[in-house]
Structures are given as structure tokens and as C-alpha cells.
Amino acid sequence: SRARQTYLIVRSVGYVGGSVLTRLQNHPSANTLDITALVRSAEKAKVLQEEFGVKTAVGSNEDLDKLEALSEQSHVVISCADSDNTPPMEAILRGLRKRHASTGDLPILIHTSGTGVIATPAKGMFASDLIYSDTDVAQIKSIPPTALHRNVDLTVMDADEQGYVRTYIIVPSTIYGQAKGPLFDAGISNPISIQIPGLIRASLGRKQDGVVGLGKSIWANVHIHDMADLYIVLFDAITANPQGIGHGWEGFYFGENDEHTWYDVGKAISKALVDLGIGGTDEPMELTDEELTRYLGSVDAAVHVGSSSRCRANRGRSIGWKPIYKTAGLIASIKPDVAWSWEKAQRENGIEAPISR
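Here is a short report on the structure shown in this document.

What counts, and where the lines are drawn
Residues numbered from 1 in each chain as written. Predicted model: local features only at pLDDT ≥ 70, side-chain atom pairs only at ≥ 80, totals over all residues. Heavy atoms only, no water. Helix = DSSP H or I, 4+ residues; strand = E, 2+ residues; numbered from the N terminus. Rg over C-alpha atoms; globule rule 2.2 N^0.38 Å. Buried < 20%, exposed > 50% of the residue type's maximum accessible area, 1.4 Å probe, protein only. Core = buried A, V, L, I, M, F, W, Y, C linked by side-chain atoms within 4.5 Å. Domains from an automatic or database assignment. Contact = heavy atoms within 4.5 Å. Pairing = 2+ DSSP bridges. Axes fitted to C-alpha atoms, helices over the stretch in contact; angles between N-to-C directions. Parallel < 35°, antiparallel > 145°, perpendicular 65-115°, else oblique. Left-handed = near helix turned anticlockwise from the far one by under 90°. Nonpolar A, V, L, I, M, F, W, Y, C, P; charged D, E, K, R; others polar. Patch = residues over 30% accessible without salt bridge, like charges linked within 9 Å, V, L, I, M, F, W, Y side chains within 5 Å. Areas by Shrake-Rupley, 256 points an atom, 1.4 Å probe, with all protein chains shown as cover. Salt bridge = Lys/Arg side-chain N within 4 Å of Asp/Glu carboxyl O. Lys, Arg positive; Asp, Glu negative; His and termini not counted. Charge placed at Lys NZ, Arg CZ, Asp CG, Glu CD.

Concerning the overall build of the chain
For step 1, the next point in the chain: The helix and strand tally for the chain stands at 14 helices and 14 strands.
For step 2, the next point in the chain: Its C-alpha radius of gyration of 20 Å places the chain within 12% of the 21 Å reference for a compact globule of 357 residues.
For step 3, the next point in the chain: Taking the principal axes of its C-alpha atoms as reference, the chain extends roughly 60 × 50 × 35 Å.
For step 4, the next point in the chain: Counting all 357 residues of the chain, 56% fall into the buried class.

What follows is the structure, encoded as C-alpha cells:
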């Protein structure tokens, strides 16, 4: 039988991390995986250990010494945490460098970025013609260092080039759909994404969906179940042939299976608000700068729902990834997300307000 390998999953109970952990627990080689999940909540850590048999460490991205020590103990680190925060990644890499120096092991890092790194500022006014391919290394290298997420991506790439770790970067586009599985049923993991639910929360706040500009900009998208499958396909490919699969600049993987306009998303949110009896009209209305600041944090935050970000996941498909869900699935997922977000908001305000489904 294969020797057990040590794994660390950072942000293991989030939307993506919880989905990846669920698949690893059900993996055919699960008995060879010695997994440690880094969890911020001591309560959730206890449940993970006692009810799901997952080894845990309580901590966050701010616990740099702990991140370094846990990484030094791990042959594989899967980071599903903040893709813009350099110090935690530097701590992980310090640990992996120490591991390599002390044991000779060549550890593996799978980092999660996002297609905000290739976003074209459009303010909802146009759809960019620029489409990136993850197999076009020169194109990926041309992404400016000032781009969103690029600070951490370049730190990861530099580590690979130094030779003490093999790195792989998974770059999800707009992830949608409610994640399923025992960790989500138990309330341990967050079942919904950030990007579209953020726009939903803004829409609930104003009782009317909003778009940035005319909503003409385009983003690639991917369902959470397809996205989690990419991690496992990559994991299996690395395990089967660690020397034969590319890493570093040859290990950059977009996650996409279709595209949407932000107007179409806004239209679906508007319809859901009306259908569920929450309010609004059938047509989305442009978000003002004041509303962008109030509901999304700043005008600049509109990069996620006003820019264009287009890509093709050719590298993942080349190693056997077969995503299923298309944009029709994204549109169908919006009404359940609106209902979930509305009921959650009402509960947090101590209001019992069942919606008409």
C-alpha cells in the first residue's frame, strides 16, 4: 500500500475549501491521506474531529508562525484562503522551504487565486475581446504585477523557480451554486459563494437589483462542484506522475466552463426578488457610486461585477477535467441564493419572514 502523505488545507471550511475537503474524504485513496485542516473556529474544529474524523489545527491566516510550522510538517499544502494577502503565503513557503532543506522532500503547493487577476476595467459599459488561455504561458506572464491577486501569484511562482517546492495555481472564475455535502449540512462550511451573493445582498438592501453601468461586461463562470473536481483531477495527476505534470508557469489552471454578462445576472436577481415577493421590478437598475460604497464597500469593489474577465481552461481539460454545468445553471442558481440570503438576513435581524416560493 502507498505510504501516507501529510496534507494541510488552509481555509478548509470555506465554500471552496469545504468542497475540496469533502472530496478528499471520499477519495479512493483517502486512507493514505493524513490531512490537517486549519480552522479559525475552535467549535468547528471540535466537530470536524469528533464527527468527521478530520485532524484540525485552530488558527487563521494571521497566525504566521503556526502556518509556517504546519506547512513544514506537510508534503502537500492546499491553500483556499485570501488570494491577496502576501504574508500568509510567505509563511507557508518558509515552512515548505524548511521541509525541503531538512528532509530533501520536494513539497507541493496548490494555491487558489481568481480570474480578477485578468479583469479588464469596463464599468459595465462593454465586453472585452481579450480572452486568456492558461496554456499560453507568455500571455499569463504578461499579466501586470499590479493586477488583483498578482502579488501572491508571483510570490508562488518565484518559490517554484527557486526549486524548493512544486507549485500549482488554480484560478476560479465566477463560482456559483450551493455547495453540498455533510460538512455543509452540519453548518461547518459556508454553502454559497461571494461574488454573485455580494450583488444579491446589495439588491436586498435596496429592494431592487443593481448593475454596474449597462451590465455589458462579461465574466467566465464555473459551478462549485465542477470547480472542486478540478482540484481533485489536478491532485490525481500530480500523484500519478509528479515528474510528468507541469508546475510553476506550466501549472496555472483557470476554472471556467461558460460566460455570462452582468446584465443577465442582474435580470435573474430582479426576477427572483419579484417572484419571492421581496420587491423590485423585473429590470435591474444601475448602482450609483454611493450604493456601491454602501453595499460593496467601495466604488473600486465594482471590479468584480463591472469588469470583463474572460478565459479558457485548456490546461485543466488537457489533464482530464470535464466540467458539466453551463451558464443556464448559473441563472437557475440565483433564485435559491436570493432566498437563502434573504432568510439569513431576516434571521440575523430576529425576524421571521417566510418568503413565497
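Looking at the nonpolar core
For step 1, the next point in the chain: Residues L24, L48, L109, I110, Y231 and F254 are the most contacted members of the largest nonpolar core, which totals 76 residues.
For step 2, the next point in the chain: The leading source of residues in this core is helix 9 (residues 224–240), at 10 residues.
For step 3, the next point in the chain: Both domains that meet at this core, namely domain 1 (5–120 + 132–177 + 223–255) and domain 2 (194–220 + 258–347), each give it at least three residues.
For step 4, the next point in the chain: Apart from residues no more than four positions distant in its own chain, L109 is found in contact with V77, M89, I92, L93, L96, V156, V165, R166, T167 and Y168.
For step 5, the next point in the chain: Core analysis: the next-biggest nonpolar cluster, separate from the first, contains 23 residues, Y176, L204, V265 and A272 among them.

Digging into the sheet that holds strand 10 (residues 218–223)
For step 1, the next point in the chain: Strand order in the open sheet formed by 3 strands is 8-10-12, with mixed pairing between adjacent strands. Strand pairing shows two members of the sheet lacking a second neighbour, strand 8 (174–176) and strand 12 (258–261), which therefore form its edges. This sheet shows a mean twist of 45 degrees between the axes of neighbouring strands, independent of strand direction.
For step 2, the next point in the chain: By the bridge criterion, 4 bridges tie strand 10 to strand 12 in an arrangement that is antiparallel. Bridging across to strand 12, I218 finds its partner in T261.
For step 3, the next point in the chain: Running at roughly 75 degrees to strand 10, helix 9 makes contact with strand 8 and strand 10 of the sheet.

Focus: the packing of helix 8 (residues 195–206) against helix 14 (residues 327–348)
For step 1, the next point in the chain: Viewed as axis vectors pointing N to C, helix 8 and helix 14 meet at an angle of 55 degrees, and their least axial separation amounts to 10 Å. Relative to helix 14, the element helix 8 lies oblique. Viewed along their axes, helix 8 and helix 14 form a crossing whose handedness is right-handed. Contacts from I196, P197, I200 and L204 of helix 8 reach helix 14 at L330, I334, D337, V338, S341 and W342.
For step 2, the next point in the chain: In terms of residue class, the contact of helix 8 with helix 14 is made up of 8 nonpolar, 1 polar and 1 charged.

Observations regarding a negative patch on the surface
For step 1, the next point in the chain: A cluster of acidic residues, E62, D63, D65, D82 and D84, forms a negative patch at the surface.
For step 2, the next point in the chain: With respect to the helices, strands and loops of the structure, D82 is situated in the loop between strand 4 (76–79) and helix 4 (86–103).
For step 3, the next point in the chain: Of the residues examined, D82 reaches a relative accessible area of 37% and is grouped as partly exposed.

Examining the environment of T115
For step 1, the next point in the chain: Inspection of the secondary structure assignment puts T115 in the loop between strand 5 (108–112) and strand 6 (132–133).
For step 2, the next point in the chain: The exposure class of T115 is buried, given its relative accessible area of 1%.
For step 3, the next point in the chain: For the pair T115 and R317, spaced 202 residues apart in the sequence, the C-alpha separation amounts to 17 Å.
For step 4, the next point in the chain: Here T115 is in contact with V171, P172, S173, W219, F254, S309 and C311, once residues within four sequence places are set aside.

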